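# Results of the structural survey
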Amino acid sequence: MKLLNYKLIKLFNNLIFFAPVAILIRTSKGISYSEFLLLQAILSISILFFEIPTGYITDKIGYKNSIIISQIMLFISRILLYLANSFYIFLFEVIVEAISFSFISGTNEAYLYEICNEYKIEYIIESSKINSFGTIGFILSILMFPLFYKLNDLNFLILLTALSTFIGLLLTFSIKNIKHSYKIKNKINFDLLLNKNFFNIILINSTIGFVLLIINFFYVEILIRENIEIQLITIIILTYSLLTLLVPFILNNKKEFMYSFFSLLSFICLLSFIFIKNQYVIIPMILLPFFIEILSNIIYEINNKFIDNIKSNENRATILSIINMGNNILEVVFLLFASFFIFDNLNYLFLFACILLLLNSFIGKRFINQTKKIRN
């Protein structure tokens, strides 16, 4: 089974046993809600700060070495989370975690894209299979959480997660190393990045990120609005997580059609949040993450096709890091715009996301059309 170890790394990294009580991990150790929000802001800013340097380092030392460094930093952050008993230790933990995320953000896509080319396998299918392993890990941790939480304390959940991360670290040493067959350039031609397609790619990436923020943070608000039991959120998460396991079997070579089709279905789901005023709103709540997962996998390939187009394979990880940094910045812009204009009305938020998805559908379809002639 090709890339089995890489898939297992994804699985073990997603065994986050403390995920349902992540905020309690902090508040039980003296962190206030305000400090928690501040730490999240520092995490985002730190990722932005480290994105380009870590991407550049990756293109110099190789993908495997960067994956190993990322996994080491992630393991250290788990240990710091276990030991933390003050704001400053939590601050240190956040910075270490940001370095881990920054090393893996562009490297993950770049490594997989290159190795799929080497094995002559379809990138988008293999990427979705790897994501499925991550989903399985997440589902397993959610299912086991009630038992471990009842029998032990919060710190035990952190230790279990740290153990899973350590197993992932051991597996990173066994993954295949990718050696560039071309000479590494010291400079990136930024003129190639400063074009319409580059900004279009950032727009479609950040749109999907914005919709994921709605899924992660506002689903509970929808349940509250419709007077539905909040406990149903666990069932909803597990159901749509299981549904995303079907993604590898749905993706095919008709990417242009699929991108437009599932963008439209995502648009309909978001729009239904405005008009459905009863328990049936759960149906689009389950379907939307499934559709977004399909779009995300297609976008991974769009990012790499863009790099193929500008003939910058030797700087793939760096450029992917630049794209990720641009995505984060534009997502912040979307959030600031929404915070000023939704007037505490969720319907306005959903409508804004609908507009972004329509624009996203047009731009994504057009870009796929332009890159049809590029083959893995």
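Everything quoted here is computed from the prediction, not taken from an experiment.

### Digging into empty space enclosed by the protein
Tallied over the full model, the rule gives one cavity of 30 Å³ or more. The wall of the largest cavity is formed by R26, F36, L39, Q40, F90, E93 and V94. Among the secondary structure elements, those contributing two or more residues to the lining of the largest cavity are helix 3 (33-61) and helix 5 (87-119). Split into classes, the residues belonging to the lining of the largest cavity amount to four nonpolar, one polar and two charged.

### Structural notes on the nonpolar core
Of all hydrophobic cores here, the largest spans 78 residues; its most connected members are F210, Y219, L270, F273, L288 and I298. For this core, the element with the most residues is helix 13 (residues 282-309), which contributes 14 residues. Once residues within four sequence positions are removed from consideration, I298 is found in contact with I124, L251, K255, M258, Y259 and I368. With 24 residues, the next largest nonpolar core counts V21, L39, V94 and F145 among its residues.

### Some words on the confidence of the model for the protein chain
Averaged over the protein chain, the pLDDT score is 82; the fraction of residues at 70 or greater is 87%. Ranking the elements of the protein chain by mean pLDDT puts helix 8 (residues 190-193) last with 58 and helix 4 (residues 63-83) first with 95. Low pLDDT, under 50, characterises residues 181-186; the stretch is placed with twelve contacts to residues that sit more than four places away or in other chains.

### Remarks on the environment of I268
Position of I268 relative to the elements: it lies in helix 12 (residues 255-275). Residues I268 and C354, spaced 86 residues apart in sequence, show a C-alpha to C-alpha distance of 8.2 Å.

### Description of the packing of aromatic side chains
Any aromatic ring pair is given by two values, namely how distant the centres are and how the planes are angled relative to each other. Taken as a whole and judged by the stated rule, the model has 15 aromatic pairs. Look at F210 and F352: their rings are 5.5 Å apart centre to centre, the planes differ by 75°, and that puts the pair in the edge-to-face class. Note that F210 is positioned in helix 9 (residues 196-225) and F352 in helix 15 (residues 346-370), a separation of 142 residues in sequence. With respect to class, F210 is no different from F352; both count as buried. Aromatic rings pair up to connect F257, F261, F262, F290 and F291 into one cluster.

### Section: helix 13
The terminal C-alpha atoms of helix 13, which comprises 28 residues, lie 41 Å apart, in line with the 40 Å expected from a rise of 1.5 Å per residue. The buried count for helix 13 comes to 23 of 28 residues, which makes it a mostly enclosed element.

About the thresholds
Along every chain, residues carry numbers that run from 1 in the direction the sequence is written. Where totals are concerned, whole chains, interfaces and linings use all residues; where local detail is concerned, this predicted model gives features only for residues with pLDDT of at least 70, and gives and counts side-chain atom pairs only at 80 or more. Side-chain numbers here rest on the full set of heavy atoms in the structure, without hydrogens or water. Both cavities and pockets are sets of points on a 1 Å grid over the protein atoms alone; in a cavity a 1.4 Å probe fits but cannot get out, in a pocket the set is open with protein on both sides within 12 Å along at least five of seven lines, and lining residues sit with an atom within 4 Å of a point. Grid points are joined across faces, edges and corners, and a volume is the space filled by probe spheres set on the points. The secondary structure listing takes helices from DSSP runs of H or I that are at least 4 residues long and strands from runs of E that are at least 2 residues long, numbered from the N terminus. All residues other than Ala, Val, Leu, Ile, Met, Phe, Trp, Tyr, Cys, Pro, Asp, Glu, Lys and Arg, Gly among them, are scored as polar; the first ten of these are nonpolar and the last four charged. Within this scheme, the nonpolar core is defined by two criteria: the residues are buried Ala, Val, Leu, Ile, Met, Phe, Trp, Tyr or Cys, and they are joined through side-chain atoms within 4.5 Å. Residue exposure (1.4 Å probe, protein chains only): buried if accessible area is under 20% of the type maximum, exposed if over 50%, otherwise partly exposed. Any two residues whose heavy atoms approach within 4.5 Å are treated as being in contact. pLDDT is a per-residue confidence score from the predictor, ranging from 0 to 100. When the centres of two rings from Phe, Tyr and Trp lie within 6.5 Å, Trp using its six-membered ring, the rings pair. Their planes under 30 degrees apart give stacked, over 60 give edge-to-face, and anything left gives tilted. By this rule, a helix spans an expected 1.5 Å times one less than how many residues it contains.

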